Amino acid sequence: MTLTRGARITGAVLCAALALIVAAWIVRDLTTAADPLDLWRYWTGSRRSVASAPLTTTLQDLLLFAVYVTVALAALRSPVAAAALVAAGVITLAVRLPGLWVLSSSWMDLRSADELRTRALYCAFAALGLGIGLIITAAAGRRAPGAAHDLYARDSYAHDPYARGAYAHERTPTRPTQGVSVLAFLLLGASAGVLAAWEIYTATDYAGTRYLDRFTGSTSVRLPPLGTPPGWLTAVIVVLALVAAVGALFHAVFSRPLGLVVAVFLVGMGGTGLDFAVRNELMSHLGDVGLREQLLVGSWLFELAAGAVLLPALARRGEGDAPGGGAPAWQPQSGHGYPQPGYGPPPPQTPPPGW
C-alpha cells in the first residue's frame, strides 16, 4: 500500500511539529547550560549540570529529533512512507508515555519548578497526541499502488496505448533483500538479547523497590523532566528490536523503518556507554578491571557496531512488489490470454467510407 498525497503532507506536518517541540527544549537547554559541551556531558552522564537552572532533555531527545526530521523528509519525497510514519508514532508513544506519571509525581517538585514541569507535561500530552495522529494518518491514507490512476489510464487508451503501462512503474513499499533480512535478524535479535540480559542482571542485583525505580523514575534515579526511566527505555528497545528482527526474517515491509529507529537508539546507547568507559579509563585498563566491567564495555561496543551496521544496510532500498500484486498492468488480465474489456491497446481504427 502507498500513501495519498494528503496523507504524506499530513504526516510530514505532524513529524515537523514533533521535531519543533524537541528542538525548542534542546535550544532551551543550550541557552541554559554554560556551553554546548556541558550539555553533552550532562546527556552522557559525565557530570551534573552546572547551569543556572535545571536541564530538561536527554540524549534520547536528540535521537528523536533525528528520527522526526528523517521521517518528515521521507513522507514528502516518497509515497511508500506509511511504515515510517507508524514507526515514528510508535517510538513517540513508547518514549513519551512515562512522562504522564513521572511529571505528575510529587517527588518531581524537588527536581524542577512547577512552571517548568507543567510545560513539560503539556508537551508530553502533545507528543502523545501527535504520535497517535501519525499512526492514524498512515492507516487512513493508504491506497493500492496506481489506484488513483486506474480510471484515467483506462480512458486514455484511445489516445495513448502506453498510458496504463506507465503507471506499472509506480513505487511500491519495499521489503528487505535476503541478505539484509538475515543481517537485520541476527543483529537486532542479538542486541535485544544483550539488553535483556543486562536488565535481568540489574533486576537480580538491585533490591525490589530500587529496581522498580528504573521504570517509575522515582527518587533513586536521577531523571530530568523529559527523561525516560532507563528500565522502561531498555524494555521498549528490546521489544521493538525483537519485532523488527522477526519482521525482517519474514521480509515484512515495516521491518526496515522500525529497524532503522532501533538502530538509531542502539548507536545512542552504545555511544553513551563507550563515552563513560573512556572517561573512567576502562578502555585503557580493560585487562585490569573485573569481568563485569569487561562485559559491559564489550556490550557497548557491540551495540554501537550493530547500530552502525544496520543504519546503512536498512536505509538501502529493498525489493519492491509489482503494483496491484499481480501481472503488470499492460499485460492481458484474462485467464484465457485475452484482454478484458477496457484493457489493452485500442483496436485498429477503420476509416469511414469515402476516405
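Heads up: the structure comes first, above all this text.
Throughout this document, residue positions are counted from 1 along each chain, in the order its sequence is written. The predicted origin of the model limits local features to residues at a pLDDT of at least 70 and limits the giving and counting of side-chain atom pairs to 80 or more, whereas totals for whole chains, interfaces and linings rest on all residues. Computation of side-chain values covers all heavy atoms of the structure but excludes hydrogens and water.

Student: An account of the overall build of the protein is requested, with residue identities and associated values reported.
Tutor: Scanning the protein from N- to C-terminus turns up 13 helices and 4 strands. In this scheme, a residue with accessible area under 20% of its type's maximum is buried, one over 50% is exposed, and one in between is partly exposed, where area comes from a 1.4 Å probe on protein chains only. Going through the 355 residues of the protein one by one, you find that 44% of them count as buried. Residue pairs at least 24 apart in sequence account for 75% of intrachain contacts in the protein once pairs closer than 6 positions are excluded. A run of H or I in DSSP becomes a helix once it reaches four residues, and a run of E becomes a strand once it reaches two; helices and strands are each numbered from the N terminus. Contacts: residue pairs with any heavy atoms within 4.5 Å of one another.

Student: Outline the nonpolar core, listing residues and values.
Tutor: Residues belong to a common nonpolar core when they are buried Ala, Val, Leu, Ile, Met, Phe, Trp, Tyr or Cys residues joined through side-chain atoms within 4.5 Å. One finds Leu85, Ile91, Ile237, Phe265 and Leu310 to be the most contacted residues of the largest nonpolar core, which totals 61 residues. Broken down by element, the residue count for this core peaks at 9 residues, all from helix α11 (residues 230-249). With sequence-adjacent residues up to four places away left out, Phe265 is seen in contact with Gln60, Leu63, Leu64, Ile91, Leu233 and Ile237.

Student: If you had to explain empty space enclosed by the protein to someone new, which residues and values would you point to?
Tutor: Here the term cavity refers to a set of points on a 1 Å grid, laid over the protein atoms alone, in which a 1.4 Å probe fits but cannot get out; the term pocket refers to an open set having protein on both sides within 12 Å along at least five of seven lines, with lining residues being those that place an atom within 4 Å of a point. Grid points are joined across faces, edges and corners, and a volume is the space filled by probe spheres set on the points. Tallied over the entire structure, the rule returns 2 cavities of 30 Å³ or more. The space that makes up the largest cavity amounts to roughly 70 Å³. Around the largest cavity, the lining residues are Leu18, Ile21, Val22, Trp25, Tyr68, Arg96, Cys123, Ala124, Ala127 and Leu226. Secondary structure elements with two or more residues in the lining of the largest cavity: α1 (5-32) and α6 (114-140). Among the elements that take part in the lining of the largest cavity, α1 stands out by supplying 4 residues, more than any other. Considering only residue class, the lining of the largest cavity consists of 9 nonpolar, no polar and 1 charged. The volume enclosed by the second largest cavity comes to roughly 60 Å³. Considering the residues around the second largest cavity, the lining is formed by Val95, Arg96, Gly99, Leu103, Ala124, Pro225, Leu226 and Gly227. Just so you know the grouping, Ala, Val, Leu, Ile, Met, Phe, Trp, Tyr, Cys and Pro go in nonpolar, Asp, Glu, Lys and Arg go in charged, and all remaining residues, Gly too, go in polar.

Student: Tell me about a nonpolar patch on the surface, and please be specific about residues and values.
Tutor: Patch criteria: residues need more than 30% relative accessible area and no salt bridge. Like-charged residues are merged within 9 Å; nonpolar side chains of Val, Leu, Ile, Met, Phe, Trp and Tyr are merged within 5 Å. In short, Shrake-Rupley with a 1.4 Å probe defines the accessible areas, and a residue's cover is counted only from the protein chains shown. Note on definitions: salt bridges are taken to be side-chain nitrogens of Lys or Arg within 4 Å of carboxyl oxygens of Asp or Glu. The grouping of Val182, Phe185, Leu186, Val246, Leu249 and Phe250 at the surface amounts to a nonpolar patch, some 560 Å² of accessible area in total. Looking at the nonpolar patch, the elements with two or more residues in it are α9 (178-205) and α11. Of the residues forming the nonpolar patch, the biggest block, 3 residues, is contributed by α9. The topology assignment puts Phe250 in the loop between α11 and α12 (255-279). A relative accessible area of 62% places Phe250 in the exposed class.

Student: Before we move on, can you summarise the layout of surface pockets with the specific residues and values?
Tutor: By volume, the largest pocket is sized at about 1500 Å³. Along the wall of the largest pocket there are 39 residues; nearest its centre are Arg214, Pro230, Thr234, Thr272 and Trp300. Of all the elements in the fold, those that place two or more residues in the lining of the largest pocket are α2 (36-43), α3 (59-77), α9, α10 (208-216), α11, α12 and α13 (291-315). For the lining of the largest pocket, the per-class residue count stands at 17 nonpolar, 14 polar and 8 charged. Taken as a whole, the second largest pocket holds about 700 Å³ of empty space. The wall of the second largest pocket is formed by 27 residues, among which Ala74, Ala84, Arg256, Pro257 and Leu260 lie closest to the centre. Breaking the lining of the second largest pocket down by element, the ones donating at least two residues are α3, α4 (82-96), α12 and α13. Of the residues forming the lining of the second largest pocket, the biggest block, 7 residues, is contributed by α3. The residue makeup of the lining of the second largest pocket, split by class, is 19 nonpolar, 3 polar and 5 charged.

Student: Explain unusual backbone geometry to me, using residue names and the numbers behind them.
Tutor: Even without a glycine there, the phi angle at His251 is positive, about 60 degrees. For His251, the position within the fold is in the loop between α11 and α12. On the basis of relative accessible area, His251 is assigned to the partly exposed category, the value being 21%. Unlike most non-glycine residues, Glu281 shows phi in positive territory, near 60 degrees. Locating Glu281 in the fold gives a position in the loop between α12 and α13.

Student: Any chance you could break down α2 for me, citing the residues and the numbers?
Tutor: Restricting attention to buried positions, one finds in α2 the residues Asp38, Leu39, Tyr42 and Trp43. One side of α2 carries all its buried residues, which in axial view fall inside an arc of 140 degrees. Structurally, α2 contributes buried residues whose contacts are with α1 and α3. For the purposes of these results, a polar contact is taken to be a pair of N or O atoms within 3.5 Å, where, inside protein, one atom must be able to donate a hydrogen and its partner to accept one; residues adjacent in sequence count only when each atom of the pair is a side-chain atom. Two to three positions downstream of the cap, the backbone nitrogen of Leu37 sits 2.9 Å from a side-chain oxygen, assigning the N-cap of α2 to Asp35. Directions are taken from the helix axis to each C-beta atom, and the arc is the one they span.

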